[in-house]
Amino acid sequence: MARAGADDTRCSAQMSDTLYVLNGPNLNLLGTREPELYGRATLADVEQLCRTTAQRFGLTVEFRQSNHEGEIIDWIHQARAENAAGLVINPAGYTTTSVAILDALHTMKAPVIEVHITNIHAREPFRRRSYVSRVARAVVCGFGIQGYALAIAGVAALIGAKE
Ligand code: CA2
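Now for a description of the structure that goes with this document. (Residues numbered from 1 in each chain as written. Predicted model: local features only at pLDDT ≥ 70, side-chain atom pairs only at ≥ 80, totals over all residues. Heavy atoms only, no water.)

**Here's the deal with the pattern of salt bridges**
All chains considered together, the criterion is met by 5 salt bridges. Taken together, the shared-partner salt bridges in this structure form one network comprising R123, E124 and R127. (Salt bridge = Lys/Arg side-chain N within 4 Å of Asp/Glu carboxyl O.)

See the structure below:
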């Protein structure tokens, strides 16, 4: 179903109802290690949360995780080519290193939302310098995995998708 945007996020009449949720390196280990930092929910739990949240707004989710920078970049290109409604990304360790992911995200017309499970500003100083934040429409951090749901609700508001 085509959807008109709510504001200057408006992209084109062909905007799809698909939202990409991309996860960077090591997030496949979620729930299995360092629960004091990242909680006990697994990545499968995060995927379920994203699907049910997106469904509330009539959106569907392409949920992916990779430990490889190039694969994430290919998925960003795919999201652009498919006129995705938005892109939510937890770049994990690539947040602070990847100019290549930044460059790929620059090509997106749809809103890009950066998510971190932890509050990166309350951790080691090196975690604060995010390349992705330069292109992100918004950044959500410190809410645990609920940050993904907040990011999806935020995209829905930006593109005018109602509950
Ligand atoms: O808080 C976040 O979501 C982070 O993006 C997680 C990254 C970290 O490098 C960022 O600074 C903040 C690390 C992801 C590693 O995920 C693991 C999950 C469970 C156990 C071990 C690693």
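**Describing the packing of helix α2 (residues 43–56) against helix α5 (residues 146–159)**
Where α2 meets α5, the axes come as close as 9 Å, and the angle between the chain directions of the two elements is 25°. The pairing of α2 with α5 is recorded here as roughly parallel in orientation. Crossing of α2 over α5 shows right-handed handedness. Together, V46, L49, C50, T53 and A54 of α2 and Q146, Y148, A149 and I152 of α5 make up the contact between the two elements. Across the contact of α2 with α5, the residue classes tally to 7 nonpolar, 2 polar and no charged. (Axes fitted to C-alpha atoms, helices over the stretch in contact; angles between N-to-C directions. Helix = DSSP H or I, 4+ residues; strand = E, 2+ residues; numbered from the N terminus. Parallel < 35°, antiparallel > 145°, perpendicular 65-115°, else oblique. Left-handed = near helix turned anticlockwise from the far one by under 90°. Contact = heavy atoms within 4.5 Å. Nonpolar A, V, L, I, M, F, W, Y, C, P; charged D, E, K, R; others polar.)

**Structural notes on the side chain of T95**
Within the secondary structure layout, T95 lies in the loop between β3 (86–90) and α4 (99–106). Setting aside residues no more than four positions away along its own chain, T95 makes contact with E114, H116, R129, S130, Y131 and V132.

**So, the sheet that holds strand β5 (residues 138–141)**
Taking strand neighbours across the sheet as the criterion, the 5 strands line up as β2-β1-β3-β4-β5 in an open arrangement whose pairing is parallel. Among the strands making up the open sheet, the edge pair consists of β2 (60–65) and β5. The average angle at which neighbouring strand axes cross in this sheet is 20°, direction not considered. Bridging between β3 and strand β4 (residues 112–116) involves 3 bridges; their strand directions are parallel. Paired with V88 across the bridge in β4 is I113. Along the sheet face, helix α3 (residues 69–81) touches β1 (18–23), β2 and β3 and points at about 170° away from the line of β1. (Pairing = 2+ DSSP bridges.)

**A word on the pairing of β3**
Extensive coverage of β3 is indicated by the burial of 5 of its 5 residues. Burial along β3 is two-sided: the face carrying G86, V88 and N90 and the face carrying L87 and I89 are both buried. As judged from the 5 bridges shared by β1 and β3, these two strands associate in the parallel manner. Pairing of L22 across the sheet is with I89, part of β3. Crossover connection from β3 via α4 to parallel β4: handedness right-handed. (Buried < 20%, exposed > 50% of the residue type's maximum accessible area, 1.4 Å probe, protein only. Right-handed = clockwise from strand over helix to strand, strands pointing away.)

**A short note on the packing of α3 against α4**
Between α3 and α4, the least distance of the axes is 9 Å, while the angle of their chain directions is 5°. Our classification of the angle between α3 and α4 gives roughly parallel. Along the contact surface, α3 presents E69, I72, I73, I76 and H77, while α4 presents A100, I101, A104 and L105. A breakdown of the residues in the contact of α3 with α4 according to their chemical character gives 7 nonpolar, 1 polar and 1 charged.

**Describing the site of the ligand**
Among the 17 residues in the neighbourhood of the ligand, the closest are listed as N90, H116, I117, T118 and R127. Residue I117 places a main-chain N or O atom 2.7 Å away from an oxygen atom belonging to the ligand. Contacts to the ligand include T118, whose side-chain N or O atom sits 2.5 Å from an oxygen atom. Protein chains shield 92% of the accessible area of the ligand, which is 500 Å² for the free molecule. For the shell around the ligand, the class distribution of residues is 8 nonpolar, 5 polar and 4 charged. (Near = heavy atom within 4 Å. Polar contact = N/O pair within 3.5 Å; in protein donor to acceptor, adjacent residues only side chain to side chain. Areas by Shrake-Rupley, 256 points an atom, 1.4 Å probe, with all protein chains shown as cover.)

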